[in-house]
Amino acid sequence: MNAHSRNPILAAMSHSLVLVLALFAGACAGSDPVAPGPEGEQLAVLMIGNSLTYENELPDLLFYLLDDLQEQDVYIESVAFPNFGLPDHWEQGAAVDRIQRGGWDIVVLQQGPSATEGRPYLLEYSEIFAEEIRAVGADPALFMVWPAKSRFFDFDGVSDSYATAAELVDGYLFPAGEGWRAGWTRDPELPFYDLDGFHPSILGSYMAALVMAQQITGGDLTTLDPVIKSPVGTLQLGQELADLLHASAHEANALFGRRPTS
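Attention in this report is confined to the structure presented alongside it. Along each chain, numbering runs from 1 in the same order as the chain's sequence is written. Note on the predicted model: pLDDT of at least 70 is required for a residue's local features to be given, and 80 or more for side-chain atom pairs to be given and counted; whole-chain, interface and lining totals, by contrast, use all residues. Think of the side-chain values as coming from all heavy atoms in the structure, minus any hydrogens and water.

For the rest of this paragraph, the subject is the pattern of salt bridges. Pairing of side chains with opposite charge becomes possible as their charged atoms draw close. We define a salt bridge as a side-chain nitrogen of Lys or Arg found within 4 Å of a carboxyl oxygen belonging to Asp or Glu. Scanning all chains against the criterion turns up ten salt bridges. Its salt-bridge partner being Asp139, residue Arg134 comes within 2.6 Å of it at the nearest N-O pair. We note a salt bridge from Arg258 to Asp170, for which the minimum N-O separation is 3.0 Å. With a gap of 88 residues between them, Arg258 in the segment after helix 9 (239-256) and Asp170 in the loop between helix 6 (155-169) and strand 7 (172-175) connect regions that are remote in the sequence. Within the structure, one salt-bridge network assembled from shared partners comprises Asp156, Glu178 and Arg181. The way it works is that DSSP assigns letters per residue, a run of H or I at least four long becomes a helix, a run of E at least two long becomes a strand, and they are numbered from the N terminus.

With 15 residues, helix 6 should reach 21 Å at 1.5 Å per residue; the first-to-last C-alpha distance of 22 Å fits that figure. Residue exposure (1.4 Å probe, protein chains only): buried if accessible area is under 20% of the type maximum, exposed if over 50%, otherwise partly exposed. Every buried residue of helix 6 is accounted for by Phe155, Val158, Ser159, Ser161, Tyr162, Ala165, Ala166 and Val169. Each buried residue of helix 6 lies within a common arc of 160° when the element is viewed along its axis, so the set occupies one face. Pointing more than 90 degrees away from the buried face of helix 6 are the exposed residues Asp156 and Glu167. Looking at the packing, one finds that the buried side of helix 6 touches strand 5 (106-109), helix 5 (119-135), strand 6 (139-144), strand 7, helix 7 (176-186) and helix 9. The first or second residue beyond helix 6 is Asp170, which carries a positive phi of 50°. Here, expected helix span is obtained from the residue count minus one, scaled by 1.5 Å. Throughout, the arc means that of the directions going from the helix axis to the C-beta atoms. Two residues qualify as a contact provided that any one of their heavy atoms is within 4.5 Å of a heavy atom in the partner residue.

The angle between two axes is taken between their N-to-C directions and runs from 0 to 180 degrees, where each axis is a line fitted to C-alpha atoms and a helix contributes only its stretch in contact. For the pair helix 8 (residues 202-217) and helix 9, the least separation of the axes is 9 Å and the interaxial angle reads 55°. The orientation of helix 8 relative to helix 9 falls into the category oblique. Handedness of the crossing formed by helix 8 with helix 9: right-handed. Two secondary-structure elements touch here, helix 8 through Leu203, Tyr206, Met207, Leu210, Val211, Gln214 and Gln215 and helix 9 through Leu245, His246, Ser248, Ala249, His250 and Asn253. In this classification, Asp, Glu, Lys and Arg are treated as charged, Ala, Val, Leu, Ile, Met, Phe, Trp, Tyr, Cys and Pro as nonpolar, and every other residue, Gly included, as polar. Among the residues making up the contact of helix 8 with helix 9, the classes are represented as seven nonpolar, six polar and no charged. For classification purposes, angles smaller than 35 degrees are called roughly parallel, those larger than 145 roughly antiparallel, those between 65 and 115 roughly perpendicular, and all remaining angles oblique. When the near helix sits turned anticlockwise from the far one by under a right angle, the crossing is termed left-handed; a clockwise turn instead gives a right-handed crossing.

Here we take up the pairing of strand 9 (residues 233-236). Two strands pair if DSSP finds at least two bridges between them. The pairing of strand 8 (residues 227-230) with strand 9 spans four bridges and is classified as antiparallel. Looking at strand 9, one finds that Val227 is bridged to Gln236. Count of turn residues in the strand 8/strand 9 antiparallel hairpin: two residues.

That's the geometry; what it means functionally is another story.
Right, here's the structure in full:
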């Protein structure tokens with residue numbers, strides 16, 4: 001439903017391995033206003049957010065991981081616009097319309113960093129959206145993001161805001177930002193931020209997808225090939241870096257992740 005922006009090519013040295021962070025081509029399902037919707041026995045995920053959701057085609061990254069970690073067919077769609085928060089989505093209506101069409105298993109909500117002034121909107125509208133999500137038999141999920149690099153001190157506040165929202169709606173918590181921090185404890189040079197110091201690099205988006213996929217499926221990330229799959233091919237990570245990312249995602253979920261209790 002929106003034009004997806006692209007990151008410039010980045011390169012980073014990690015554990016003596018060169019990781020080329022390349023552009024992904026193609027649009028994710030959420031960019032199509034007449035997407036067919038879920039059907040049958042598919043695991044159906046709807047993602048609602050802004051550029052932190054659509055950057056680097058995060059829905060596609062999640063699709064490939066879920067497809068690798070389980071046998072069930074996967075359908076993912078997103079409604080994401082630049083500079084949108086949950087109140088904007090509620091007023092604009094496209095996200096609510098997609099929820100109400102039904103067939104979803106999980107609906108992922110992403111507001112913004114929300115450590116301070118955005119926190120009340122995150123909490124209020126998570127509950128408002130959760131009513132619509134539960135009405136169609138789906139579970140809400142909160143996609144914890146990260147603060148801008150210039151506000152790195154807000155990380156704890158961002159984490160707390162999203163954890164509180166997930167508890168309020170008894171939903172999933174996908175602590176992607178905590179996945180970044182777990183990665184940095186292992187290698188402080190990992191380039192999870194894009195050049196603007198706010199949006200994710202492809203590596204940052206991949207970490208978010210790993211956290212989501214592991215929390216949804218409970219699957220063993222070590223069974224994954226050491227590559228990032230894209231709509232147009234694969235990007236080689238190398239086994240050492242892949243192991244680091246998998247361990248970091250697992251740690252983030254073990255310490256901060258949440259699943260619905262009912």
